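Structural overview for review
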Amino acid sequence: MMVLCRGQAGTYVFKQGDPASMFFIIHEGSVQVDIGGTIKKTLSKGDYFGELALIYMAMRSATIKCLTQCLFWCITRTDFQRTMESTVRKNYSTAKQHINNLPLFSFLTDQQKDSIAYAMLSLKYQNGEVIFKEHDDANSFYIITSGSIDITIKGKQELTLLPGDTFGEQSFLEGQFRSGTATSRGHSTCLSIGRDAIKEILGGQITNIIYYNISKWAIKRSQVLSKLSNIEIEKVLRIVKFK
């Protein structure tokens, strides 16, 4: 159920770090998006915001300020999540298949894999669409299911990730920010899960995933080791003991 909400010019819809309870669609007016004190963009009639914190059960990752008098169509967290449930069920089998095929999750129990698969969402991106930017708040983790994703750090392209690759492991740690920018090359699809959801499922086992991904990225960025195939990289990582 949607309700019509009003915002006065100069007032805040919510601030970065606030708890999330609503999803907003702009009916009239325009708002400013601020992340960490930097103005990122302006949204206007027909645009929407607030979905990420609801999807990932996280705090607000940006501050939204009304630039003019605004009218919003608002959906509560409960109604939003109820709407998303059918989508989650459709994604389950695809997510479970990818999780089973990833050495990254090989140490998990079947119950943990099921829980992660149920919590994942399938997100589609257009060519050139930015998934997240360097220094953004890290609140979600991704598995590429189709297409490819370019990772750039300080404006320099570091690597291109392909189906089966993962990124965004910084989200497993509180208070972390993105170390690079992720951009879709062509059309791509990713499975994604929020920080709070995966921390609740895995607990202390998160450190295994963090060290695994850090090691894999280090190998891919090495001038010598980057020549290894994905199968050879996985063999190397299986030998490494994470403590």
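Below or above, wherever it landed, is the structure these notes cover. What you see is a predicted model; the values in this text were computed from it and never measured.

1. Considering helix α3 (residues 110-119)
Residues of α3 that are buried include every one of Q112, K113, I116 and A117, and no others. Viewed along the axis of α3, the buried residues span an arc of 135 degrees, placing them on a single side of the element. Every exposed residue of α3 that faces more than 90 degrees away from the buried side is listed here: D110 and Q111.

2. Overview of the pairing of strand β14 (residues 181-194)
Taken across its 14 residues, β14 has eleven buried, putting it largely inside the fold. Alignment of strand β9 (residues 121-125) against β14, held across five bridges, turns out to be antiparallel. The residue bridging L123 from the neighbouring strand is C190, located in β14. As paired elements, strand β10 (residues 130-132) and β14 share two bridges and run antiparallel to each other. Among the inter-strand pairings, V130 is bridged to a residue of β14, identified as T183.

3. Looking at the side chain of T183
Note that T183 resides in strand β14. Using a relative accessible area of 19% as the deciding quantity, one classes T183 as buried. Discounting residues that sit within four places of it in the chain, T183 has contacts with G128, E129, V130, S148, I149 and D150.

4. Quick look at the nonpolar core
Nonpolar side chains tend toward joint burial in soluble globular proteins. Grouped together as the largest cluster of nonpolar side chains are 16 residues, with contacts concentrated most on I99, F105, I116, M120, F141, I143 and I193. For this core, the secondary-structure elements that each account for two or more residues are α2 (77-101), α3, β11 (140-153), β14 and α4 (195-202). Here the element with the most residues in this core is α4; it accounts for three residues. The contacts of I99, once residues within four sequence positions are left out, are F105, K113, I116, A117 and M120. Listed in part, the 15 residues of the second largest apolar core include F24, V33, I35 and C66.

5. Some details on the packing of aromatic side chains
Two descriptors summarise a pair of aromatic rings, namely the distance from one centre to the other and the angle between the planes of the rings. All told, the structure shown has twelve aromatic pairs when counted by the stated rule. Geometrically, the ring pair formed by F23 and F80 is tilted, given 5.3 Å between the ring centres and 45 degrees between the ring planes. With F23 in strand β3 (residues 22-28) and F80 in helix α2, the pair connects residues that are 57 residues apart, well separated along the chain. Take F23 and F80: they sit in the same class, and that class is buried. A connected cluster of aromatic rings, assembled from ring pairs, spans F14, F24, F49 and F72. Directly above the aromatic system of F14 lies the positively charged group of R60, at a separation of 4.0 Å from the ring centroid. A cation over an aromatic ring shows up here: R178 above the ring of F132, its NZ or CZ 3.9 Å from the ring centre.

So, how was this worked out
- Residues numbered from 1 in each chain as written.
- Predicted model: local features only at pLDDT ≥ 70, side-chain atom pairs only at ≥ 80, totals over all residues.
- Heavy atoms only, no water.
- Buried < 20%, exposed > 50% of the residue type's maximum accessible area, 1.4 Å probe, protein only.
- Helix = DSSP H or I, 4+ residues; strand = E, 2+ residues; numbered from the N terminus.
- Arc of directions from axis to C-beta.
- Pairing = 2+ DSSP bridges.
- Contact = heavy atoms within 4.5 Å.
- Core = buried A, V, L, I, M, F, W, Y, C linked by side-chain atoms within 4.5 Å.
- Phe/Tyr/Trp six-rings, centres within 6.5 Å; stacked < 30°, edge-to-face > 60°.
- Lys NZ or Arg CZ within 6 Å of the ring centre and 35° of its normal.

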